[in-house]
Amino acid sequence: MLELRDLAFGYGTSRVGTGVSLTLRPGEVLALLGPNGAGKTTLFKTMLGLLAPLGGEVLLDAAPLETLDRKERARRIAYVPQAHAALFPFTVRDVVLMGRAVQVAPFSAPGRNDREVAAAALERLGMAHLSDRPYTEISGGERQMTLIARALAQQPKVLVMDEPTASLDYGNQMRVLGHVRRLAREGMAVVLSTHNPDHVFMVADRVAMLHEGRLAGLGPPADVLTVERVKQLYNIDVVMGVLPGGSSKVCSPRLGPGD
Amino acid sequence: MKNAADSDRGNWKLVVFGILGVAVLAMASMAIGKYSVPPSAILRVLFAGLTGGQPDVDPIQQTVIWNVRLPRVIAGLLIGAALAAAGATYQGLFRNPLVSPDILGVSAGASLGAVLAIFLKMPVPVIQLMSFCGGLLAVAAVYGVGTAVRGRDPVLTLVLAGVAIGAIVGAGISLVKILADPYDQLPAITYWLLGSLTAVTRADVGSILPAIVIGLLPLAALRWRMNVMTLGDEEAQTLGVDTRLTRLALIFGATLITAASVSIAGIVGWVGLVIPHVARLLVGPDFRRLLPAALLLGGGYMLIVDTLARSVALTEIPLGILTAVVGAPFFLWLLAYGKRGWS
């Protein structure tokens, strides 16, 4: 589906990361874990074709990304940015409709079919009741869901989500992760970035850890996301384990006497 | 909540209402002045003018309406509509509600062209032509620099290039002002820089009409794409939009109509900044509704301002002064109380 082969990425001549190889499978959630500055955003931009690879290649359905035109890419891979403050008060419905841009001719406007796809995307995420609300007046969690709905309206095979739980309150974080899980069960391939090991345990089938621009580990979270790895990535001592009655491992920091 | 079909019907009502409102304003504007003309005579003159007959009215009335006020009213409508449409486009494109049509230096470039032509004692059509070309050249330079710089946010780069090149052009304008004859040329330059429709002729209207129509074409055609562009460059790209080409087409259109307006009216500030906000308050941010609303409101607003400019005082008040006096307080009010326009 989406494959990175010995990828080197960065801006212009400055290399941010190198030697990244991984394959994203349908129905899989891959979490990208790494400290600030590890190159997660740059890697995403390269996966999306916004930045050209500095070495190696990005393959989408076995074809190098740069051989696909912008529209081909947008039909297969959708980007979910962090919930942002929009400038203009478009309604939730209008924002989701923008996900149809690739299907709408430049001089045209969305038609009945596009409106139906957008409405179905909102329905799928339980957001239909907010369709007429201005995007500027809904909560952060609802904005994130709106952006996911917009990505679904693109009808892609791959979702790339940039820290989908950042800046959300606790309840909304869990709801967003629940929806990510469900989308993967329905066959979507999802790659998301996060800072929270708990979220990785909860939602990810595999985790890729990025440290100083290199892959520091790749595999099922239970195997590779260890206490030592967290110490390496974030320089924090943690303990891990499943709480009584819990469903997935959690990670708890141990602050030393000097902290 | 209304469904899409209902709101479409509502839109048509609004458009018809808007056109009627602007028509009434146009009639009023032609009736009002030092030499007042009754509406019946205006209608007769217009009808005769369109059918090529001789109207059954006082010949002075006919001259005043047909040769003086009608061109001026049409020019006012065109310029107000053009500036408001360009402002709405740039505000969306640059994702900034404080942006006006001269963000990329079109007014500065047009001013330098006009000021230079006045300085060189050129006739009026040459002043207009040099102004038009100056505006286009300035924006071309800004766009050239903006796209030559790679690896940065292209929108921000364009704005900053606009600021820098605007400063250089501004220095040129100041230089010409210093060198200009203070008794003859400087007043003309100052007057031009404040904007006026005093000397507008039918020929002027004819000369800017093609540019305005051509400039409005991409804005109207890309009316929905414009919405997607407000998401910013990278997001729009991931949605499959060719942002570079779309941005170029929109900037081209907005620049063309602004340059055309400035070339015959001089610098008329605030219209392109304030009117898009009013339009957004009334019809929301969707460019499919915003564009017609901005066109109608901008045209109507300019008619009112121009009518005031030539009737409230013994001498004509430059448009730029009135639009600032009316526009700036309104903008402050919007800042304090208008919540729906942007956030």
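Worth saying up front: this structure is predicted, and the values here are computed from it rather than measured. (Residues numbered from 1 in each chain as written. Chains lettered and ligands numbered in written order. Predicted model: local features only at pLDDT ≥ 70, side-chain atom pairs only at ≥ 80, totals over all residues.)

**Q** Would you mind showing me how to read the overall build of chain A here?
**A** For chain A, the helix and strand inventory stands at nine helices and 12 strands. The C-alpha radius of gyration of chain A comes to 19 Å, within 12% of the 18 Å expected for a compact globule of 259 residues. Dimensions of chain A along its principal axes, counting C-alpha atoms only, are 60 × 45 × 30 Å. Among the 259 residues that make up chain A, the fraction classed as buried is 47%. Across chain A, the fraction of contacts at a sequence separation of at least 24, relative to all contacts at a separation of at least 6, is 66%. (Helix = DSSP H or I, 4+ residues; strand = E, 2+ residues; numbered from the N terminus. Rg over C-alpha atoms; globule rule 2.2 N^0.38 Å. Buried ≥ 20, exposed ≤ 12 C-beta atoms within 10 Å, placed from the backbone. Contact = placed C-beta atoms within 7 Å.)

**Q** Before we go on, may I ask you to explain the sheet that holds strand β4 (residues 55-60) of chain A in this structure?
**A** As a general point, the strands of a sheet are linked pairwise by backbone hydrogen bonds and lie either parallel or antiparallel. Residue and element names in this part refer to chain A. Read across the open sheet, the four strands follow the order β2-β1-β4-β5; overall the sheet is antiparallel. Looking at strand neighbours, the two that pair on one side only are β2 (14-24) and β5 (63-64), the edges of this open sheet. Relative to β2, strand β1 (residues 2-11) runs antiparallel, the two being bridged by seven bridges. Note on β2: the bridge partner recorded for Tyr11 is Ser14. (Pairing = 2+ DSSP bridges.)

**Q** Can you help me understand the interface of chain A and chain B in this one?
**A** Interfaces are often sized by the accessible area lost when the parts come together. Facing 29 residues of chain A, the contacting portion of chain B comprises 27 residues. Per element, the largest residue contribution to the side of chain A that touches chain B is three residues, and it comes from helix α2 (residues 70-76) of chain A. Grouping the amino acids of the side of chain A that touches chain B by side-chain chemistry returns 19 nonpolar, five polar and five charged. (Nonpolar A, V, L, I, M, F, W, Y, C, P; charged D, E, K, R; others polar.)

**Q** Help me understand unusual backbone geometry in this model?
**A** Trans peptide bonds make up the majority, and among non-glycine residues the majority have a negative phi. All names here are of chain A. Phi angles above zero are rare outside glycine, and Asp6 is one such case at about 45 degrees. With 12 C-beta atoms packed within 10 Å, Asp6 lands in the exposed category. Here the phi dihedral of Ala62 falls at roughly 70 degrees; this positive angle occurs in a residue that is not glycine. Its place among the elements puts Ala62 in the loop between β4 and β5. For Ala62, a count of 7 C-beta atoms within 10 Å puts it in the exposed group.

**Q** How should the nonpolar core be read in this particular structure?
**A** Here is a general trend for soluble globular proteins: nonpolar side chains tend to be buried in one another's company. One finds A:Val160, A:Val190, B:Ala85 and B:Ala294 to be the most contacted residues of the largest nonpolar core, which totals 186 residues. The greatest single-element share of this core, amounting to 17 residues, is contributed by helix α3 (residues 59-93) of chain B. Once residues within four sequence positions are removed from consideration, B:Ala294 is found in contact with B:Ala84, B:Ala85, B:Ala88, B:Ile275, B:Pro276 and B:Ala279. (Core = buried A, V, L, I, M, F, W, Y, C linked by C-beta atoms within 7 Å.)

**Q** Just to check I follow, could you spell out the packing of α3(B) against helix α13 (residues 287-311) of chain B for this structure?
**A** What describes two packed helices is the angle between their axes and the distance between those same axes. All names here are of chain B. One can describe the packing of α3 onto α13 by two numbers: an axis separation of 7 Å at closest approach and a directional angle of 140 degrees. For the element pair α3 / α13, the angle class is oblique. Considering only the axes of α3 and α13, their crossing is right-handed. Where α3 approaches α13, its residues Arg72, Val73, Gly76, Leu77, Ile79, Gly80, Ala81, Leu83, Ala84, Ala85, Ala88 and Gly92 are matched on the opposing element by Phe287, Leu290, Leu291, Ala294, Leu295, Leu297, Gly298, Gly299, Tyr301, Met302, Leu303 and Asp306. Partitioned by chemical class, the residues of the contact of α3 with α13 number 17 nonpolar, five polar and two charged. (Axes fitted to C-alpha atoms, helices over the stretch in contact; angles between N-to-C directions. Parallel < 35°, antiparallel > 145°, perpendicular 65-115°, else oblique. Left-handed = near helix turned anticlockwise from the far one by under 90°.)

**Q** Sorry, what's going on with the pairing of strand β7 (residues 158-161) of chain A here?
**A** Working note: regular strand, side chains alternate between the two faces of the sheet. All names here are of chain A. In β7, alternate side chains face the same way, and those of Val158 and Val160 on one face and Leu159 and Met161 on the other are all buried. By the bridge criterion, four bridges tie strand β6 (residues 77-80) to β7 in an arrangement that is parallel. Opposite Val80, over in β7, you have Met161 as the bridge partner. Pairing of β7 with strand β8 (residues 189-194) involves four bridges; the strand directions are parallel. Note on β8: the bridge partner recorded for Met161 is Leu192. Handedness of the crossover is the feature at issue here: the chain leaves β7, passes through helix α6 (residues 170-185), returns alongside β8, and the resulting connection is right-handed. (Right-handed = clockwise from strand over helix to strand, strands pointing away.)

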